[in-house]
Amino acid sequence: MHSIAREQLQTYLHSYKRTIREEGLPIRHDGKKVHEESKRGKRERAEEILRRTANSRVAFAVRCQVDYDGSLDYESPLTSHTISFHIGDFLHIYTRYSIDWWIGRKVEEGHTLAYIPTAQRLTRLTPVQEFPEKNDSFFEESTPFVVVPSTRPIVLLGPCRQESLLTKRLHTALRLTITRKFMGRIRILKTTLGERKQQPSFGVLVAGQQVAGQIGQVIRSRNRTITRQDTEATIDTFNEFSDEREMQLITSMTNDLSLLILQSPFLQSPMDIAKHALAPITILVKISNRKILAKLLRKTGCPHSDITGADALNVMPRSAFDMVVEDGSLDGATNKICENLEKYWQAVHPPHPLLGPIENPKKESNIAALKPSTPAQNKLSQVFRFK
């Protein structure tokens, strides 16, 4: 009896599933198909966001502290559009895609928008580094990126120290020619970056109330009189506060991707610049022949002691500078500098960005119109022949 009822029930269920109106639900779940559809949806979303980012502005720039091969990272939203970089490369970050990925490009000609791992993601992938000069129990995670200005500031060095009259006149002539060449694309900033004050000023400390207040709290907590160590700490803290304000100004002036020349009498060598997270383009105007250098010092009325500053710069390796100019004339040196800056400008402003043109913001120039060349400037150009 039970077998007959079971047969009738199975026949009924089979006929119900085979009706024309409703074929029934699938018994097996196709997980592979669902996974492929989900993967395709994520890829289409990544492509769409990449297209929309092509018309965005640069949010900030970073300098790479680690090596990364994007072709081996299969967790990228688009494995075919993942940037690979090395230590010392510069990246422009346009937007944030997720907690693990940015969208940006390498600041080099021919590179377009792609996906970049965030600092948080690279920190998880980078092993912890131990600092031997500290205690054995002291550990610190490596920093994969350092935030720098959107365009690298330009710093002119040499042939002598910055306070030398020969250096001042040579740099003035170079800046005039460079600004005329890049009119509307370059700015000049007179800064005190690198200045180290020797004595604290009460008026200056009042201007920096936050710094003075913090130091006052520390001194009061110690409940003792102010010593020389407290004074030195006050000077160092205020110097850091002043440098921080200068760094913010430099960063804000490069947000529109314009070039910037820094004019500071306190940046004497690449070591002075390396203290700050500027990643500048250091250009050394080198006069290696001591006889010619001594002759130029006499013509400009500089003391012969200025030659020691030139010797200190000339003994440095070329790798310490981004560019070393040692040409036979001022015009030749200027042309070389302008050619390199033009290449850098093309790298910062790609002519053919990914997925359509990028809308570059309209750049404003605060540089006044330069006067045409005068006989005095022509004479100055003839004087600076250092080969």
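- The name that an unreviewed UniProt entry assigns to the protein chain is SH3 domain-containing protein, with the source organism given as Pristionchus mayeri.

## Remarks on the overall build of the protein chain
Then, in step 1: Counting secondary structure elements, the protein chain contains 12 helices and 12 strands.
Then, in step 2: The 387 residues of the protein chain split such that 41% are buried.
Then, in step 3: Looking at the protein chain as shown, the accessible area adds up to about 23800 Å², and 52% of this sits on carbon and sulfur atoms.

## Describing the side chain of Gln162
Then, in step 1: Counting through the fold element by element, Gln162 comes out in the loop between β8 (154–157) and α4 (165–181).
Then, in step 2: At 3.2 Å, the side chain of Gln162 and the backbone oxygen of Leu156 are in polar contact.
Then, in step 3: Within the local environment of Gln162, its side chain forms a polar contact with the backbone oxygen of Leu267, the two atoms lying 3.0 Å apart.
Then, in step 4: Once you skip the residues sitting within four places of it in the chain, Gln162 turns out to touch Leu156, Leu157, Thr167, Lys168, His171, Ser264, Pro265, Leu267 and Gln268.

## Regarding the nonpolar core
Then, in step 1: Grouped together as the largest cluster of nonpolar side chains are 56 residues, with contacts concentrated most on Phe85, Leu91, Tyr115 and Phe145.
Then, in step 2: Looking at this core element by element, the count peaks at nine residues for helix α11 (residues 330–348).
Then, in step 3: Val155, Leu157, Ile250 and Ile273 belong to the second-largest nonpolar core, a separate cluster that totals 17 residues.

## Describing the sheet that holds strand β9 (residues 186–190)
Then, in step 1: Strand order in this open sheet of five strands is β9-β10-β8-β11-β12, and the pairing throughout is parallel. Strands at the two margins of the open sheet, each flanked by one partner only, are β9 and β12 (323–325). When strand polarity is set aside, the average angle formed by the axes of neighbouring strands in this sheet is 25°.
Then, in step 2: The pairing of β9 with strand β10 (residues 259–263) spans five bridges and is parallel. Pairing of Ile186 across the sheet is with Leu259, part of β10.

## A closer look at the environment of Asp327
Then, in step 1: Tracing the backbone through its elements, the reader meets Asp327 in the loop between β12 and α11.
Then, in step 2: Taking the relative accessible area as the measure of exposure, Asp327 reaches 18% and is therefore buried.
Then, in step 3: C-alpha separation for the pair Asp327 and Val285, spaced 42 residues apart in sequence, amounts to 8.6 Å.

## Some details on the pattern of salt bridges
Then, in step 1: Counted by the stated rule, this structure contains 12 salt bridges.
Then, in step 2: One salt bridge connects Asp322 with Arg152, and the closest N-O pair in it is separated by 2.9 Å. Of this pair, Asp322 sits in the loop between α10 (307–314) and β12 while Arg152 sits in the loop between β7 (145–148) and β8, placing them 170 residues apart in sequence.
Then, in step 3: Of the residues examined, Asp322 reaches a relative accessible area of 44% and is grouped as partly exposed.
Then, in step 4: For Glu326, the salt bridge goes to Arg318, with nearest N and O atoms at 3.4 Å.
Then, in step 5: Glu326 sits in the partly exposed class, given a relative accessible area of 27%.
Then, in step 6: Through salt bridges with shared partners, one network takes in Glu47, Glu48 and Arg51.

## Here we look at the confidence of the model for the protein chain
Then, in step 1: When the pLDDT values of the protein chain are averaged, the result is 76; 69% of them are 70 or greater.
Then, in step 2: Here helix α5 (residues 202–207) is the element of the protein chain with the lowest mean pLDDT, 40, and strand β2 (residues 90–96) is the one with the highest, 95.
Then, in step 3: When the criterion is pLDDT under 50, residues 228–236 qualifies, and its contacts beyond four places in sequence or with other chains add up to 14 contacts.
Then, in step 4: Per-residue pLDDT stays below 50 along residues 356–387; that stretch engages in 61 contacts with residues further than four places along the chain or on separate chains.

## Describing α4
Then, in step 1: Helix length check: α4, at 17 residues, gives a terminal C-alpha distance of 25 Å against a target of 24 Å (1.5 Å per residue), a fit within 8%.
Then, in step 2: For α4, the complete set of buried residues consists of Leu166, Thr167, Leu170, His171, Ala173, Leu174, Arg175, Ile178 and Thr179.

## Details of the pairing of β2
Then, in step 1: Taken across its seven residues, β2 has five buried, putting it largely inside the fold.
Then, in step 2: Here strand β1 (residues 60–64) runs beside β2; their pairing, made up of four bridges, is antiparallel. Across the sheet, residue Val62 finds its bridge partner in β2, namely Leu91.
Then, in step 3: Summarising the sheet, β2 and strand β3 (residues 101–106) pair through five bridges and their orientation is antiparallel. Among the inter-strand pairings, Leu91 is bridged to a residue of β3, identified as Lys106.
Then, in step 4: Remark: four residues form the turn of the hairpin made by β2 and β3, two consecutive strands paired antiparallel.

## Description of the sheet that holds β2
Then, in step 1: As summarised here, the arrangement of the five strands in space is β4-β3-β2-β1-β7, forming an open sheet in which the pairing is antiparallel. In this open sheet, the two edge strands, each paired with only one partner strand, are β4 (114–117) and β7. Between one strand axis and the next, the sheet turns by 45° as a mean value, whatever way the strands run.
Then, in step 2: Looking at chain direction, β3 and β4 are connected through four bridges and run antiparallel. Directly across from Gly104, in β4, lies its bridge partner Ala114.

## Describing the pairing of β10
Then, in step 1: Judged by how many residues are buried, β10 sits mostly within the fold: four of five residues are covered.
Then, in step 2: Looking at chain direction, β8 and β10 are connected through two bridges and run parallel. Following the sheet pairing, Val155 is matched in β10 by Leu262.

Cut-off values and rules
- Along each chain, the written sequence defines residue order, and numbers are assigned to residues from 1.
- Given that the model is predicted, a residue must reach a pLDDT of at least 70 before its local features are reported, and side-chain atom pairs must reach 80 or more before they are shown or counted; all residues, however, enter totals for whole chains, interfaces and linings.
- To get the side-chain values, take all heavy atoms of the structure and skip hydrogens and water.
- A run of H or I in DSSP counts as a helix once it spans at least four residues, and a run of E counts as a strand once it spans at least two, with each numbered from the N terminus.
- Burial here depends on accessible area, computed with a 1.4 Å probe over protein chains only, as a share of the maximum for the residue type. Under 20% is buried, over 50% is exposed, and the range in between is partly exposed.
- All accessible-area figures derive from a Shrake-Rupley calculation using a 1.4 Å probe, and residue coverage is judged against the displayed protein chains alone.
- Two N or O atoms form a polar contact when they lie within 3.5 Å of each other; inside protein one atom must be a possible hydrogen donor and the other a possible acceptor, and for residues adjacent in sequence the pair counts only when both atoms belong to side chains.
- The contact rule is simple, with two residues in contact once any of their heavy atoms fall within 4.5 Å.
- Only buried residues count toward a nonpolar core. Its members are Ala, Val, Leu, Ile, Met, Phe, Trp, Tyr and Cys residues joined through side-chain atoms within 4.5 Å.
- A pair of strands is labelled paired if DSSP reports no fewer than 2 bridges between them.
- Every angle, taken between N-to-C directions, lies between 0 and 180 degrees, and every axis is a line fitted to C-alpha atoms, over only the stretch in contact when it is a helix.
- Counted as salt bridges are all cases of a side-chain nitrogen of Lys or Arg within 4 Å of a carboxyl oxygen of Asp or Glu.
- As a per-residue quantity, pLDDT reports the predictor's confidence and falls between 0 and 100.
- For a helix, the expected span equals 1.5 Å multiplied by the residue count minus one.

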